[in-house]
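# Coordinate analysis (summary)
If you want the building blocks of each chain, they are given just below.
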Amino acid sequence: MAFDEIRSVAEKLAAEIAVGPIVPSVTPQEIRGHLAARYDFSKPLDLDEVGADVEAMLRTWQVHVTHPRYFGLFNPSVTPASIVADTLVAMYNPQLATWRTSPAANEIERHTLAWLASKFGLPAGASASFTSGGAEANLSAVIVALTRAFPSYGEHGLKHLPAPTIYVTTESHHSFNKIAHMTGLGRRAIRTIATERNLTMDLRDLARQVAEDRRRGFAPFMVVGTAGTTAAGAIDPLPELARFCRSENLWLHVDAAWGGAAILSPRLRGHLAGIEAADSITCDAHKWFSVPMGAGMFFCRHAAAVGEAFHAETSYMPGKTAGPAVDPYTASVQWSRRFIGLKLFLALAHHGESGYVEMIEHQARMGDLLRESLASAGWQIVNTTPLPLVCFTRDGLDTTKFLAALYRQQIAWMSEVRLGAGAPVLRACITSFRTTASDIEDVVGAMSRIIQG
Ligand SMILES: Cc1ncc(COP(=O)(O)O)c(C=O)c1O
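Residue indices follow the written sequence of each chain, beginning from 1 at its first position. Residues qualify for local features only when their pLDDT is at least 70, as the model is predicted, and side-chain atom pairs are given and counted only at 80 or more; totals for whole chains, interfaces and linings, by contrast, use all residues.

How far each domain reaches was decided by an automatic or database domain assignment. Taken domain by domain, the protein comprises domain 1 (3–69), domain 2 (87–345) and domain 3 (353–452). Relative placement of domain 1 and domain 3: their C-alpha centres are 27 Å apart. With nine residues of domain 1 at the contact, the number on the domain 3 side is 10 residues. C-beta atoms are first placed from the backbone for all residues, and any pair lying within 7 Å is then listed as a contact.

Below you can see the structure in the form of structure tokens.
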């Protein structure tokens, strides 16, 4: 197959997006009117024409997350290799429920995950699977942790259990609230631990709340440490959390959905020290590994507990695969599943580890440059992280008005966020490996001009 054709189309598109607008201005009525006028599905249409129309819709009616000046919410620019991979997956349509149906795809995923698990310092027998994203990986962690801590959970649910509780911070990802709802734990099973000034978990408050819960008859079972929080890129004190969890017999889940990629970087990986002691880890390939959406990963050192949590037996599925192979539908949330892992495998194989280190460290350098340029232009930096995510403000700033001007002038996309109980501030993350020093200078210069009116 002509991979170079797909690559050259992808590279041409990336170049066009880089010089085009970033933020659309459109109403739902406009798009609905367009669709209703053209697509009642009553007769077949020419594929080229429909394809061209869909591409035009995507071009004009989306925030261009692959734009080098999209400084947004962990949605990356995507490598051409990963685009080739998703095309191949669509064509062969491998079914990853079982090993026997798709041996090649299963082993490619296993090989890729084992490599990354060893980078995290997990033992050779650890379980790992691809997920739809970070929320599913976090859900997997809660289900497996519950199954291990409360052997009756699988058969009897939460009935007769002494109110299991999970510990997060205000800065943890809010998928845990939905997970508590979905698993039947209930949203009130989530305890919110206070944070230090740098937005990392306050260990004294953790110890206090766990002790208090035990006294009141609750059953603490899991602590979530985040390695790269969504709002501010904060990294919880993982070694101390690991020690605390070990001494209290609690499951430590490290949510490294975005920050996990830093494990590849000699410059950054020290900041993730302690992750090797986690019971489970979430890491998303569709964030800082720069592959298209739909690629999360769940790692767990307790393979037997994963098997216990997701076991399934039925005669309509092909018989259990013999030997060391695992059928993914018996070791993960999903049943029928697409070949998620190829995009990470192909991108890693194509760029090599050194290529990835260069991409990740380039983005970290661009984050440092953004931080320095903003500070020199009079902005106050309000977060502390080695990762390329900057939260900032200035006296009297109206973030909503400022962002509206930024979008209107197509300067960049960034967002606003509240850290703790503070006023809204601006948040800019270097999510594209294509962002250059001149993008940063241009954006900071244009922001100063907006401020000056
Ligand atoms: C720290 C963290 N965990 C989990 C998630 C959820 O990941 P996903 O959106 O892939 O489900 C996110 C999303 O940004 C995140 O930042």
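Once that is clear, we can look at the sheet that holds strand E1 (residues 127–131). DSSP calls a pair of strands paired once it identifies at least 2 bridges connecting them. Helix and strand labels come from DSSP, where a helix needs a run of H or I of at least four residues and a strand needs a run of E of at least two; each type is numbered from the N terminus. If you walk across this open sheet you meet the seven strands as E1-E7-E6-E5-E4-E2-E3, and the pairing is mixed. Bordering the open sheet on either side are E1 and strand E3 (190–193), each of which pairs with just one other strand. Strand-to-strand twist of the sheet, defined as the mean angle between neighbouring strand axes without regard to direction, takes the value 20 degrees. Sheet analysis places strand E2 (residues 164–169) next to E3, joined by four bridges and oriented parallel. By the bridge assignment, isoleucine 166 is partnered in E3 with isoleucine 190. Simply put, an axis is a line fit to the C-alpha atoms, just over the touching stretch for a helix, and the angle between two N-to-C directions goes from 0 to 180 degrees.

With that out of the way, let us pick up the site of the ligand. Around the ligand sit 14 residues, and of these Gly133, Gly134, Ala135, His173 and Ala257 come closest. Of all the elements, helix H6 (residues 134–149) adds the most residues to the shell around the ligand, at three residues. In the shell around the ligand, the residues fall into four nonpolar, eight polar and two charged. Contact assignment follows one rule, namely that a residue is near a molecule or strand if its backbone-placed C-beta atom lies within 6 Å of it. Residues were grouped as follows: Ala, Val, Leu, Ile, Met, Phe, Trp, Tyr, Cys and Pro as nonpolar; Asp, Glu, Lys and Arg as charged; and all remaining residues, including Gly, as polar.

This paragraph deals with the pairing of strand E9 (residues 389–393). Among the five residues of E9, five are classified as buried, and the element is accordingly described as predominantly covered. In this structure, strand E8 (residues 380–381) lies alongside E9, joined through two bridges in antiparallel fashion. Residue pairing for E9: glutamine 380 is matched across the bridge by threonine 393. Relative to strand E11 (residues 424–429), E9 runs antiparallel, the two being bridged by four bridges. Counterpart to cysteine 391 in the pairing with E11 is arginine 427. The exposure scheme places C-beta atoms from the backbone and then counts, for each residue, the other C-beta atoms within 10 Å of its own, assigning buried at 20 or more, exposed at 12 or fewer, and partly exposed in between.

Here we take up the environment of glutamine 452. Relative to the helices and strands, glutamine 452 resides in helix H14 (residues 437–452). Given 6 C-beta atoms within a 10 Å radius, glutamine 452 is considered exposed. Note: C-alpha distance between glutamine 452 and alanine 97 (355 residues apart in sequence) is 58 Å.

For the rest of this paragraph, the subject is the packing of helix H4 (residues 80–92) against helix H12 (residues 342–376). Contact pair H4 / H12: the axes reach a minimum separation of 8 Å and the direction vectors enclose 140 degrees. When the interaxial angle is binned, H4 and H12 end up oblique. With respect to the hand of their crossing, H4 and H12 are arranged in right-handed fashion. On H12, the residues touching Ala81, Ser82, Val84, Ala85, Asp86, Leu88 and Val89 of H4 are Leu342, Lys343, Leu346, Ala347 and His350. Grouping the amino acids of the contact of H4 with H12 by side-chain chemistry returns eight nonpolar, two polar and two charged. When an angle is under 35 degrees it counts as roughly parallel; over 145 it counts as roughly antiparallel; between 65 and 115 it counts as roughly perpendicular; any other value is oblique. Here a crossing is called left-handed whenever its near helix is offset anticlockwise from the far helix by less than a right angle, and right-handed whenever the offset is clockwise.

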